[in-house]
Every structure is written in structure tokens, then in C-alpha cells.
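This is what each chain is made of:
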Amino acid sequence: MNISLEYYKIFYYVASYGSITKAARELCLSQPAVSQTIKLLEDELGTILFVRCSKGVVLTTEGKTLFDYVRNGYEHIKMGETKLLEMQNMEGGEIRIGASDMTLQFYLLPYLEQFHSTFPNIKIHVTNAPTPLTIEHLKAGRIDFGVVSTTFDTDERMLVYKGRFIQDVFVAGERFAELKNKILSYSVLKNYPVILLEQNTSTRQYVDMFLQNNQVVLNPEFELATSAIVTQFAVRNLGIGCVVEDFAKEEIASGKLFRLKFEKEIPAREICVIADRKTPMSKAAKTLLAMLDSGPGMLN
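Residues numbered from 1 in each chain as written. Predicted model: local features only at pLDDT ≥ 70, side-chain atom pairs only at ≥ 80, totals over all residues. Heavy atoms only, no water.

Draft legend 1. How the structure looks around the environment of Ser4. Note on placement: Ser4 falls in the segment before α1 (5-17). Looking at Ser4, the relative accessible area reads 35%, which means it is partly exposed. Along the primary structure Ser4 and Leu41 are separated by 37 residues, whereas in three dimensions their C-alpha atoms are 8.8 Å apart. Among the polar contacts listed, one links the side chain of Ser4 to the backbone nitrogen of Glu6, at a separation of 3.1 Å. (Helix = DSSP H or I, 4+ residues; strand = E, 2+ residues; numbered from the N terminus. Buried < 20%, exposed > 50% of the residue type's maximum accessible area, 1.4 Å probe, protein only. Polar contact = N/O pair within 3.5 Å; in protein donor to acceptor, adjacent residues only side chain to side chain.)

Draft legend 2. Spotlight on the side chain of Glu42. With respect to the helices, strands and loops of the structure, Glu42 is situated in helix α3 (residues 31-45). There is a polar contact of 3.4 Å between the side chain of Glu42 and the backbone nitrogen of Phe50. For Glu42, the contacting residues outside a window of four places in its chain are Thr47, Ile48, Leu49 and Phe50. (Contact = heavy atoms within 4.5 Å.)

Draft legend 3. Fine view of the pairing of strand β9 (residues 194-197). Of the two faces of β9, the one lined by Val194 and Leu196 and the one lined by Ile195 and Leu197 are each fully buried. The sheet contact formed by β9 and strand β11 (residues 240-244) spans two bridges and is parallel. Considered in β11, the bridge of Ile195 is made with Gly241. Two elements, β9 and strand β10 (residues 222-224), share three bridges in a ladder whose sense is parallel. (Pairing = 2+ DSSP bridges.)

Right under this line is the structure:
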């Protein structure tokens, strides 16, 4: 059978109201058009669906059986239309974002707070992962966009938006006071216990590359999962930690840590928002992305 869904829509309304006249009024159709459609549907199905009564029409046994299925299907369609309208009106829906601890805390969080305050019914799912894994999530379609830190490889599908600059620094506690206020060579770090992030993070890869370009290779005493933990290990004098400066600002300001000075700084990096130009986004995701893009602008 190849029966028009419009026939079933009209059948649904006639059965729901028990009246061809009321169904016609609801559908903005003429009564003869509704009657004709029901007749065509009955002919296609080879059975009688309604019998007339004094108050309108009632379903036959066959009609009741069909209506049980049509009602579920049509009402689910109406629910889908309602949900879609809510999404278009920013009254529902969800956004999927990928971000690391650092990009979430020092860039994304204020935007999420503002967005949630304006659109409280939109769910936001944040997948916490380092930059390389966030890029994988984006390419696999598991997130709408990601918030990452440079450097990373791009391709023709990737849209990249500038966020803010970040600075990688080495910090230490009182155990290493002899290094304070001295202009150091990075090679001096080989003589001390060093605390770095794990190798699967963009921060670790960036710092390792910079040091290698300066003929320094470090064998860290500790390799940790998050910059916050690196900072706490440094506060406890377990070694010299390398972190994005934002993570250690409070400890530096309070004197628990100091920033080591070197002959040249590690070049600053950027937090960026990345999206796939070929993957459609929901209106909610586009709205949040527009908020994030209100800064310096798009890179490519």
C-alpha cells in the first residue's frame, strides 16, 4: 500500500472528534472534502472505518484497531513538531561542547553562565577532554563545537575562532628559593624535579616542543592529569611545575609560589573555538557560538 499520510491525518481528526463536521472545521477543509478522503481511505484499505450515528460517526471494530496505531503515530509527530518549535524559539534543545579543564575554567565558563541565564531550558553537555581528544570528538560528530588551545592541526573543514591568549610558565615554592629573581636558562631545569602534564595534552606537547627547540629534554618527576593538580604539587614543594599561568595566579599572588624567569619566555598560545563547517548546528549551538565569537574574530 502507498497511502497518503494526509489521509491518515484526516482519519485521526474525524476519529478524535467523532464528527466529520468538527474535523473539517479544525482542518480548515470543506465537509465534502473530508468525507471524500475518508471514502478514499476506506477504498484503499478495503474496509469500513466509520458508521454514521445521530451525533456524527463512530469507529467500526476495524476503525478502532487502525486508530490505536494512527493516534500513537500522529501524536508523536505532533510532539516532535512541538519540540522542534521549542528549539527554534530557544525554549528547549541541547548543546554538546568539548573542552579541557583549562579552556572551560578560564574561557568558556562565563559564557555558559550568561547563556544559561538567558536560555535556562536548553541543556548543555560538556565533554571534558584535552585538545587532541576534543578534535577527535568534533570530527566524529559527537560535539557541536570544541574549545581548545593552540597549537593543533587544522583542515579545510574546520572553522577556528580566536578566544584569548594564555601563557605557559614554570612555578616553584620556597624549596627552590635559590632560583627566585634569577634569569635562567631552561637547561637548569634538568637539575631539579619537574612536574608536567601528561603527554596526551596540548599543553605538554607545546612545552615539550618549545624546550626541544632550545635543546632541552626533560624527564619529569611527576606527570599529572590536570594543571590544578600540578599547581598543588608545586605548592607542596614536590618539584617545579609547568602550568598555564591562570592556574597559579592566586598562589603566586599569595607568595606560595613564584614564577621562574628565563632568558626567553615560552611564546603565548591562544584558546580557540573550533567547529565543523560541513556539520549543521542547532539554533541553540549557533547562538552560543555567536556569543563566543564576539571576541577578536575568526582565524580562517
